[in-house]
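# Commentary on secondary and tertiary structure
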Amino acid sequence: MKRIFPWLLAGLITLVGLGHTVFALQNIDFALANLIEIIGFLLNVALIAILGALIVYRQTGNRIGWMMMAVALVTALPFLYDPAFIMVIFPAAPTTLTLRVWLLLWLQGWYWLLQMVLIFQIVLRFPAGDLLSRRWNWLNTVTLGIVIVAALWAVFPDQIGPINGAWNVENPAGLILGGVYDGIALIWVIGLLTLAGGSLASLLMRYRRGNEVTRQQVKWLLFAGGIQVFLVIFGLAYFSTYNASPVWLNILVQIGFMTLPLAIANAILRYRLYDIDIIIRRTLSYSILTAVLGLVYFGGVVLLQNLSRGLFGADDSPLITVISTLAIAALFNPLRGRIQTFIDRRFFRSKYDAEKALSEFAAVSRDEVDMGRLSGSLLAVVEDTMQPDQTSLWLRESTDQE
């Protein structure tokens with residue numbers, strides 16, 4: 001029964017997600033983008049649940065499998081965190097705030113947080129499912145505190161309604177005014193940032209301390225994380241530029257969200273399958289480069305517009321866009337080189353050291369004429385880059401006939 005239970009639980013979670021899909025299909029316009037979003041939602045729920053069950057089945061003691069199924073269950077109940085669900089039932093504020101509606105609004109105020117803390121807990125425990133040591137237990141306390149504070153925080157506001165702010169009604173349990181209410185929210189926001197930072201620090205420490213197997217597993221997670229960061233930045237940039245979200249972008253985002261559970265499952269179950277160092281290096285470097293250039297571009301546009309408005313009284317000028325674009329073009333190659341060097345130093349140290357040794361040998365061999373010194377430099381480069389047990393160099397003597 002213990003071997004069957006994970007699969008039964010994964011099937012139940014998928015059925016819950018299917019129930020939401022049926023409800024959504026009955027209450028939305030049959031536009032292609034909406035249909036793709038719903039299908040992508042169901043595929044993500046099923047994928048995370050099944051991969052979590054597979055990890056539990058193959059590695060019973062690894063808690064990440066159970067956490068993945070918990071993420072799938074939270075995702076499969078969007079009526080508890082998605083304001084679009086409430087807007088279908090209550091397009092306007094209800095005349096009577098029943099206990100059922102109040103509970104639904106209360107859950108929507110904090111339930112979405114469970115998905116985030118579970119993902120951070122997976123990163124914190126990846127790949128073995130346990131903490132690095134007992135000294136990291138304080139992050140479990142932070143996680144519990146975030147959920148408790150957020151759940152209590154959602155009980156006492158003077159106004160309650162969907163999290164998109166479409167409408168609000170008087171909260172019969174409201175004791176806290178809006179300004180104080182927003183101040184209390186900083187408590188769990190700071191806790192969430194602390195959990196995110198601690199999870200990332202734990203992952204980097206596992207990479208530095210781990211063997212080759214652990215490093216390959218961590219690289220898979222970094223690869224998927226880099227893809228998702230790139231897609232989020234690209235999607236936000238596209239939407240802010242064109243004020244639209246086309247079908248192809250929705251498809252791309254849905255596919256991108258599937259990479260995280262696939263990377264986790266592959267790293268834990270089949271980490272020896274591929275060598276993805278090159279892909280990871282490129283993904284990390286171009287994701288960071290895209291974020292930096294995006295900040296420079298939009299920051300430059302905002303700054304130049306404010307200057308233009310203050311000096312000349314003009315709001316929008318084509319010259320501002322031209323200057324910002326030229327600045328991006330000028331910064332692209334220098335930034336890419338610096339970011340790639342930084343990533344190689346932190347995550348691909350052996351490759352960075354090898355490239356550094358080869359470049360130093362190229363500089364020496366260009367000007368060196370003494371064969372003994374050149375041979376010694378060549379052996380030193382081989383030892384630094386390949387790290388063999390022993391090295392020797394054989395040089396064939398030239399003959400007069402040659």
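Criteria and cut-off values
- Residues numbered from 1 in each chain as written.
- Predicted model: local features only at pLDDT ≥ 70, side-chain atom pairs only at ≥ 80, totals over all residues.
- Heavy atoms only, no water.
- Phe/Tyr/Trp six-rings, centres within 6.5 Å; stacked < 30°, edge-to-face > 60°.
- Helix = DSSP H or I, 4+ residues; strand = E, 2+ residues; numbered from the N terminus.
- Buried < 20%, exposed > 50% of the residue type's maximum accessible area, 1.4 Å probe, protein only.
- Expected span 1.5 Å × (residues − 1).
- Axes fitted to C-alpha atoms, helices over the stretch in contact; angles between N-to-C directions.
- Parallel < 35°, antiparallel > 145°, perpendicular 65-115°, else oblique.
- Contact = heavy atoms within 4.5 Å.
- Nonpolar A, V, L, I, M, F, W, Y, C, P; charged D, E, K, R; others polar.
- Patch = residues over 30% accessible without salt bridge, like charges linked within 9 Å, V, L, I, M, F, W, Y side chains within 5 Å.
- Areas by Shrake-Rupley, 256 points an atom, 1.4 Å probe, with all protein chains shown as cover.
- Salt bridge = Lys/Arg side-chain N within 4 Å of Asp/Glu carboxyl O.

Using the criterion set out here, one finds eight aromatic pairs in the structure. Note on Trp102 and Trp106: the rings are 6.2 Å apart at their centroids and 5° apart in plane angle, and the pair reads as stacked. Of this pair, Trp102 and Trp106 are both found in helix 5 (residues 99–110), four residues apart, which corresponds to roughly one turn of the helix. Both residues of the pair, Trp102 and Trp106, count as buried. Their ring planes at 55° and their centres at 5.5 Å tell us that Trp106 and Trp110 sit as a pair that is tilted. Of this pair, Trp106 and Trp110 are both found in helix 5, four residues apart, which corresponds to roughly one turn of the helix.

Before going further, it helps to spend a moment on helix 6 (residues 112–125). Taking 1.5 Å of rise per residue, 14 residues should cover 20 Å, and helix 6 covers 21 Å from first to last C-alpha, within 8% of that figure. When we look at burial in helix 6, the residues that qualify are Leu113, Leu114, Val117, Leu118, Gln121, Ile122, Val123, Leu124 and Arg125.

Glancing now at the packing of helix 6 against helix 7 (residues 138–153). For any two helices packed against each other, the geometry comes down to the angle between their axes and how far apart the axes lie. One can describe the packing of helix 6 onto helix 7 by two numbers: an axis separation of 11 Å at closest approach and a directional angle of 175°. As judged from the angle between their axes, helix 6 and helix 7 are roughly antiparallel. Note on element contacts: helix 7 touches helix 6 through Leu139, Asn140, Thr143, Ile146, Val147 and Ala150, opposite Leu113, Leu114, Val117, Gln121, Leu124 and Arg125. Partitioning the contact of helix 6 with helix 7 into residue classes produces eight nonpolar, three polar and one charged.

Turning our eyes to something else, we now look at unusual backbone geometry. The linkage connecting Phe126 with the following residue, Pro127, adopts the cis geometry, with an omega of 5°. Inspection of the secondary structure assignment puts Pro127 in the loop between helix 6 and helix 7.

So, on to a nonpolar patch on the surface. Residues Leu186, Val189, Ile190 and Leu193 make up a contiguous nonpolar surface patch of about 380 Å² in total accessible area. Structurally, Val189 can be placed in helix 8 (residues 178–209). In this structure Val189 comes out as partly exposed when scored by relative accessible area, which is 30%.

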